[in-house]
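# Breakdown of the fold
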There are 2 protein chains.
Amino acid sequence: MSGEDDFVLALRVADAGLEARLLALLGGVPGLRLAEEGEAADAVLSDADARAGGPELTPREREVLELLTTGASNRAIGAALGISAHTAKFHVARLLDKLDATGRTDAVAHAARLGVVHL
Amino acid sequence: MSGEDDFVLALRVADAGLEARLLALLGGVPGLRLAEEGEAADAVLSDADARAGGPELTPREREVLELLTTGASNRAIGAALGISAHTAKFHVARLLDKLDATGRTDAVAHAARLGVVHL
DNA sequence: GCGCCTACTGCCCGGCCGGGCAGGGTGACG
DNA sequence: CGTCACCCTGCCCGGCCGGGCAGTAGGCGC
């Protein structure tokens, strides 16, 4: 039956115009169909990562943020970067402020949503 | 010039076979081209969310996990769900165990990578 | 009826987190 | 030369986290 071996693609796009454009581009591709609401998909097409949004981060802040996504403590971040835990904590505080986060868990989630980190 | 108004799509796919299949499907679509390494894209096509991976979570655990992604404390989770902070903490501990995470920040990152939550 | 699972609650403890405050050094720029 | 941004370090404090331990109750399958 038609569709059985189709590649199922789910769209997760915030911009309605972008979504319409994608529907037009991908709607007629043989072997590919778009997933319905709630349907399991083979892959997801999202504009989240491409947003390249979020605040400007310094190189050190990026390094600290990457380590935050691994669940590292301030002490572990300090050890990984060869700095003191106090300094690591200072950078984490700067990140919380720039990402408008209430804590490191919130910071990681915000950063992922903004496309600042890829999980 | 050709390509100027193209929709630029970046692939972030772990499976090589899947990537090849996508290249075959999308390579010939007019108005669409695939981003080069490091190039900024309009959207990202990823199999991360579609993996539907990760452990089986109970309904309550899913609720707690959603609240974790907002950076909520155990006390806040308890308040939001109408249960005690101790119970919220119990569910968080179960999540850390199921997601093989060292802490709530790690749990949120793991869950996002596995497609258990969408950030 | 029993065992298992889920959901719930409490307490204790050591370590960690985050805000606030103090301070210093270096390099780039006008 | 002064200023600014970035990076670094220390200390204090209250609150939070996570592991460990104890317990209860209800629903479901055998």
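Everything quoted here is computed from the prediction, not taken from an experiment. (Residues numbered from 1 in each chain as written. Chains lettered and ligands numbered in written order. Predicted model: local features only at pLDDT ≥ 70, side-chain atom pairs only at ≥ 80, totals over all residues. Heavy atoms only, no water.)

Segmentation of chain A into domains returns domain 1 (7-51) and domain 2 (59-114). A separation of 33 Å is found between the C-alpha centroids of domain 1 of chain A and domain 2 of chain A. (Domains from an automatic or database assignment.)

Before going further, it helps to examine the relation of the copies chain B and chain A. Of the two same-sequence chains, chain B is brought onto chain A (RMSD 0.2 Å, axial shift 0.1 Å) by a rotation of 180°. Seen this way, the second copy is the image of the first under a two-fold rotation axis. Same-surface contact between copies: 100% of interface residues of chain B are shared with the interface of chain A. (Least-squares fit on C-alpha atoms with pLDDT ≥ 70 in both. Contact = heavy atoms within 4.5 Å.)

Attention now moves to unusual backbone geometry. Residue and element names in this part refer to chain A. For Asp100, which is not a glycine, the phi torsion comes out positive at approximately 55°. Note that Asp100 resides in the loop between α4 (85-98) and α5 (104-114). On the accessibility criterion, Asp100 (63% relative accessible area) is exposed. (Helix = DSSP H or I, 4+ residues; strand = E, 2+ residues; numbered from the N terminus. Buried < 20%, exposed > 50% of the residue type's maximum accessible area, 1.4 Å probe, protein only.)

Time to look at the nonpolar core. Counting residues in each nonpolar core, the largest one holds 22 residues, and the members touching the most others are Leu26 and Leu45 of chain A together with Leu26 and Leu45 of chain B. Residue assignment for this core shows that the elements contributing at least two residues are β1 (7-12), α1 (16-26) and β3 (43-46) of chain A together with β1 (7-12), α1 (16-26) and β3 (43-46) of chain B. Ignoring any residue separated from it by four or fewer positions in sequence, one finds Leu26 of chain B in contact with Leu26 and Leu32 of chain A together with Leu9, Leu32 and Leu45 of chain B. Core analysis: the next-biggest nonpolar cluster, separate from the first, contains 20 residues, Ala72, Val92, Ala111 and Ala112 of chain A among them. (Core = buried A, V, L, I, M, F, W, Y, C linked by side-chain atoms within 4.5 Å.)

Right, let's get into the protein's contact with DNA strand D. Surrounding DNA strand D, one finds 19 residues, the nearest of these being Thr58, Ser84 and Thr87 of chain A together with Lys89 and Arg104 of chain B. Among all atoms of DNA strand D positioned within 4 Å of the protein, those belonging to sugar or phosphate total 64%. The side chain of Arg60 of chain A places a nitrogen or oxygen atom 2.7 Å from a phosphate oxygen of DNA strand D. Of all the secondary structure elements, the ones that give two or more residues to the surface near DNA strand D are α2 (59-68) and α4 of chain A together with α3 (74-81) and α4 (85-98) of chain B. Top contributing element to the surface near DNA strand D by residue count: α4 of chain A, with six residues. When grouped by side-chain class, the residues that make up the surface near DNA strand D number five nonpolar, eight polar and six charged. (Near = heavy atom within 4 Å. Polar contact = N/O pair within 3.5 Å; in protein donor to acceptor, adjacent residues only side chain to side chain. Nonpolar A, V, L, I, M, F, W, Y, C, P; charged D, E, K, R; others polar.)

Moving on to the pairing of β3 of chain B. Burial along β3 of chain B is two-sided: Ala43 and Leu45 of chain B and Val44 and Ser46 of chain B, pointing in opposite directions, are all buried. Note: β3 of chain A against β3 of chain B, three bridges, orientation antiparallel. In the strand pairing of β3 of chain B, Val44 of chain A is matched with Ser46 of chain B. Alignment of β1 of chain B against β3 of chain B, held across four bridges, turns out to be parallel. When the bridges of β3 of chain B are listed, Leu9 of chain B appears paired with Ala43 of chain B. (Pairing = 2+ DSSP bridges.)

For DNA strand C, the set of nearby residues contains 19 residues, the closest of which are Lys89 and Arg104 of chain A together with Thr58, Thr87 and His91 of chain B. Considering DNA strand C, the proportion of its atoms within 4 Å of the protein that are sugar or phosphate atoms stands at 62%. Thr87 of chain B places a side-chain nitrogen or oxygen 2.5 Å from a phosphate oxygen of DNA strand C. The side chain of His91 of chain B places a nitrogen or oxygen atom 2.7 Å from a phosphate oxygen of DNA strand C.

What follows concerns the interface of chain B and chain A. The interface is formed by 37 residues belonging to chain B together with 37 residues belonging to chain A. Summed over both partners, the interface of chain B with chain A comes to about 2,800 Å²; 63% of that surface belongs to carbon and sulfur atoms. For the chain B face of the interface with chain A, the top three residues by lost area are Phe7, Thr105 and Leu119 of chain B, together amounting to 21%. Connecting chain B to chain A are zero salt bridges. Where chain B meets chain A, there are three residue pairs in polar contact (both at pLDDT 80 or more). Elements that contribute at least two residues to the side of chain B that touches chain A include exactly β1, α1, β3 and α5 (104-114) of chain B. For the side of chain B that touches chain A, the leading source of residues is α5 of chain B, giving seven residues. Grouping the amino acids of the side of chain B that touches chain A by side-chain chemistry returns 19 nonpolar, eight polar and 10 charged. (Buried area = accessible area lost by both parts, 1.4 Å probe. Salt bridge = Lys/Arg side-chain N within 4 Å of Asp/Glu carboxyl O.)

Let us look at the sheet that holds strand β2 (residues 32-34) of chain B. Think of a sheet as strands paired side by side through backbone hydrogen bonds, with each pair either parallel or antiparallel. Ordered in space as β2(A)-β1(A)-β3(A)-β3(B)-β1(B)-β2(B), the six strands form an open sheet in which the pairing is mixed. Each edge of the open sheet is held by one strand with a lone partner, namely β2 (32-34) of chain A together with β2 of chain B. Between one strand and the next, the sheet's axes are offset by a mean angle of 30°, whatever the strand orientation. One ladder, built from three bridges, connects β1 of chain A with β2 of chain A; its direction is parallel. Within the sheet, the bridge partner assigned to Leu9 of chain A lies in β2 of chain A and is Leu34 of chain A. (Axes fitted to C-alpha atoms, helices over the stretch in contact; angles between N-to-C directions.)

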